[in-house]
Amino acid sequence: MDDQTISFAGLPPRPHVPQGVLAIWGRVISDSVSRRRVLLAVAAAPLAAACTAEPAPPPPPDPLSALAAQARADAKLAQTLTTPAAAEIAKARETHASLLQAEVDRERPPLSSTAPPVPTSPPTPPDPAAAMRTALDDAVRDASALVATLPAHRAGLVGSVAAGCASLREVLA
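Everything numeric in this text was worked out from a predicted model, so none of it was measured.

1. Here we look at the packing of helix H4 (residues 86-107) against helix H6 (residues 152-172)
Two quantities define a packed helix pair, namely the angle between the axes and the distance from one axis to the other.
Thought 1: Here H4 crosses H6 at 165°, and the two axes come no closer than 11 Å. Comparing their axes, H6 and H4 come out roughly antiparallel. The way H4 lies across H6 gives a crossing that is left-handed. On H6, the residues that touch Ile89, Ala92, Arg93, His96, Leu99, Leu100, Glu103, Val104, Arg106 and Glu107 of H4 are His153, Arg154, Leu157, Val158, Val161, Gly164, Cys165, Leu168 and Leu172.
Thought 2: When the residues that make up the contact of H4 with H6 are grouped by side-chain class, the tally is eleven nonpolar, three polar and five charged.

2. Remarks on the packing of helix H3 (residues 63-78) against helix H5 (residues 128-147)
Thought 1: With their axes 10 Å apart at the nearest point, H3 and H5 run at an angle of 165° to one another. By the angle between their directions, the pair H3 and H5 is classed as roughly antiparallel. Crossing hand, H3 versus H5: left-handed. Contacts from Pro63, Leu64, Leu67, Gln70, Asp74, Leu77 and Ala78 of H3 reach H5 at Ala131, Met132, Ala135, Asp138, Ala139, Asp142, Ala143 and Leu146.
Thought 2: Here the residues of the contact of H3 with H5 sort into eleven nonpolar, one polar and three charged.

Reading the values: the criteria
- Residues numbered from 1 in each chain as written.
- Predicted model: local features only at pLDDT ≥ 70, side-chain atom pairs only at ≥ 80, totals over all residues.
- Heavy atoms only, no water.
- Axes fitted to C-alpha atoms, helices over the stretch in contact; angles between N-to-C directions.
- Helix = DSSP H or I, 4+ residues; strand = E, 2+ residues; numbered from the N terminus.
- Parallel < 35°, antiparallel > 145°, perpendicular 65-115°, else oblique.
- Left-handed = near helix turned anticlockwise from the far one by under 90°.
- Contact = heavy atoms within 4.5 Å.
- Nonpolar A, V, L, I, M, F, W, Y, C, P; charged D, E, K, R; others polar.

Printed below as a string of structure tokens:
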């Protein structure tokens, strides 16, 4: 065998391959890098890129989670009221909290199966009815401000919560 031909795995050269430029390129490739190394490099390149890329930044907190926490706190506050409508207000705000939390969990599933943290009971204010009216006013204002920034399906939920808080505010007045 002369030095112008290439033999892979001890096979004789193919007769239809020209002996000029292709033979020289084949020898350069076969002498410096084997086909297995080329295939390994091609297969490992995406893995190396995936391992060295920076992780994506965590998403910002869901704005509905703050509304859900506020609804849970309002429900606890409503339980301290002595008015006849207190039980209905507490029930409505607990429903708001569970619906908002369900939407938060649907949009961004929790990493673990634990329930959201239960807020600690704030000290009972001197006038719970006035504190409840203020809390409902804050809930209406916060939810109304958030509606314009949300997609339609979430805006409908938040708008309903805002309307429910406004009606609860009127019941309490």
